[in-house]
Amino acid sequence: MPNNKIIVPLDVATVEDAIALLNQLPEVTFWKVGLELFTNTGPQILEVLKSRQKRIFLDLKFHDIPNTVAGACRAASRYGVDLLTIHSTNGRDALKAAAEAVQEGASQANVKPPKLIAITLLTSISSRQLASDLHVPLELPEYALKMALMAKESGLDGAVCSPQEVAQLHQTCGNNFLLVCPGVRPEWADKGDQKRTFTPAASLQAGANYLVIGRPITSAENPAIAWQKICEEVKNLT
Ligand SMILES: O=C(O)c1cc(=O)[nH]c(=O)n1[C@@H]1O[C@H](COP(=O)(O)O)[C@@H](O)[C@H]1O
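Throughout, a residue's number is its position along its own chain's written sequence, starting from 1. Given that the model is predicted, a residue must reach a pLDDT of at least 70 before its local features are reported, and side-chain atom pairs must reach 80 or more before they are shown or counted; all residues, however, enter totals for whole chains, interfaces and linings. Just so you know, side-chain values use all the structure's heavy atoms and leave hydrogens and water out.

### As for the environment of Y143
Thinking step 1. Looking at the element boundaries, Y143 is found in helix 7 (residues 140–153).
Thinking step 2. We classify Y143 as buried; its relative accessible area is 10%.
Thinking step 3. For the pair formed by Y143 and T120, sequence separation is 23 residues and the distance between their alpha carbons is 8.0 Å.
Thinking step 4. In this structure Y143 touches T89, T120, L121, L130, V136 and L138, once residues within four positions along its chain are discounted. Elements are defined by DSSP. Helices are runs of H or I of four residues or more, strands are runs of E of two residues or more, and each kind is numbered from the N terminus. The rule is simple: take the accessible area with a 1.4 Å probe, protein chains only, and divide by the maximum for that residue type; under 20% is buried, over 50% is exposed, in between is partly exposed. Every residue pair with non-hydrogen atoms within 4.5 Å of one another is taken to be in contact.

Here is the structure:
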């Protein structure tokens, strides 16, 4: 079912608001808990999601020195979530340390280790900003690919990338490297702060394993109808 490939972020401030979304969207099987909700309320929402048999993407985007990143990944892996993020710009040493720490944390808690995936380049950054703000002299697709390859070589399970780069990453990194794409916008939705977008159908056709789609659904006047429209768009895609 293609709609099992859509992850909806709980980008809200309170557990009550998160539960309201869960109730409005009972068909969503995979939810993302990110910085806003986790910083406000801690791990409480993870238990709510587990009690409803939902899959969980814990998107805490760790970025620090190897020892600190490893400690954070070890701790996060004890929650028994399905996906966990760190930034590829942590560098190779931290990525390797994080990959090991994920296994340690999960085995300490006797849970399945999460798939550890690295942000290649945030989907809110344009080619121009990559050059002018981040002072990266490479072309954006080449930079994203290099970040994904470093993550793969460091033992990570996959990467987060924009759908505009996913075909190239899929071709180079292979079928076993998980590719998760935010920056997904149906034709009828506002882009907001997202710069490198594709539609849901085009993102899946380009090879994304999962799509992260937030505001087009969660900020819609009727989230259930927005969800249905997106499911309709992707229904014939595998
Ligand atoms: O790691 C992420 O999920 C992420 C990486 C990235 O490069 N861009 C990005 O938008 N995200 C997340 O994906 C979600 C996108 O939400 P919408 O822009 O509302 O669809 C947000 O929760 C972001 O935190």
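Here the narrative resumes.
### Side note on the UniProt feature "domain: Orotidine 5'-phosphate decarboxylase" (unreviewed entry) in the protein
Thinking step 1. UniProt positions are given in the numbering used here, feature names are shortened, and annotations may be inferred rather than shown by experiment. Look at the UniProt record and you will see "domain: Orotidine 5'-phosphate decarboxylase" (unreviewed entry) annotated at residues 5–230.
Thinking step 2. Along residues 5–230 one finds 46% helix and 16% strand; the C-alpha atoms at either end are 11 Å apart.

### Examining the packing of aromatic side chains
Thinking step 1. To pair, rings of Phe, Tyr and Trp, with the six-membered ring standing in for Trp, must have centres within 6.5 Å; the planes then decide the type, stacked if under 30 degrees apart, edge-to-face if over 60, and tilted in the middle. In total, this model carries two aromatic pairs according to the counting rule given.
Thinking step 2. Summarising the aromatic geometry, the rings of F30 and Y210 are spaced 5.3 Å apart at their centres and angled 80° between planes, so their arrangement reads as edge-to-face. Placement of the pair is F30 in strand 2 (residues 30–33) and Y210 in strand 8 (residues 210–212), with a sequence separation of 180 residues.
Thinking step 3. When the centroid spacing of 6.1 Å and the interplanar angle of 70° are considered together, the rings of F38 and Y79 count as edge-to-face. With F38 in helix 2 (residues 35–41) and Y79 in the loop between helix 4 (66–77) and strand 4 (83–87), this pair connects stretches of sequence that are 41 residues apart.

### Let's talk about the site of the ligand
Thinking step 1. Lining the immediate environment of the ligand, one finds 18 residues, of which D11, K32, T123, R185 and R215 sit closest.
Thinking step 2. For the ligand, an oxygen atom lies 2.7 Å from a polar atom in the side chain of R215.
Thinking step 3. Elements with a contribution of two residues or more to the shell around the ligand: strand 3 (55–62) and helix 10 (215–218).
Thinking step 4. Looking at the shell around the ligand element by element, the count peaks at three residues for strand 3.
Thinking step 5. Its residues placed into classes, the shell around the ligand shows nine nonpolar, three polar and six charged. The rule for a residue being near a molecule or strand is that one of its heavy atoms must lie within 4 Å of it. Any pair of N or O atoms that falls within 3.5 Å is considered a polar contact. Within protein, one atom must be able to donate a hydrogen and the other to accept it, and sequence-neighbouring residues count only if both atoms are side-chain atoms. Any residue that is not Ala, Val, Leu, Ile, Met, Phe, Trp, Tyr, Cys, Pro, Asp, Glu, Lys or Arg is counted as polar, Gly included; the first ten are nonpolar and the last four charged.

### So, the confidence of the model for the protein
Thinking step 1. For the protein, per-residue confidence averages 97 on the pLDDT scale, and 99% of positions sit at 70 or higher.
Thinking step 2. Here the prediction assigns the complex a pTM of 0.98, and the interface score ipTM is 0.99. Values of pLDDT, the confidence the predictor places in each residue, fall between 0 and 100.

### With respect to the nonpolar core
Thinking step 1. Within the largest apolar cluster, 69 residues are counted, with the highest numbers of intra-cluster contacts made by L10, V33, I45 and C73.
Thinking step 2. The element contributing the most residues to this core is helix 7, with seven residues.
Thinking step 3. In this structure L10 touches A18, L21, L22, W31, K32, V33, L37, I45 and L49, once residues within four positions along its chain are discounted.
Thinking step 4. In terms of nonpolar packing, the next biggest core, distinct from the first, is built from eleven residues, I7, F57, L83 and Y210 among them. Within this scheme, the nonpolar core is defined by two criteria: the residues are buried Ala, Val, Leu, Ile, Met, Phe, Trp, Tyr or Cys, and they are joined through side-chain atoms within 4.5 Å.

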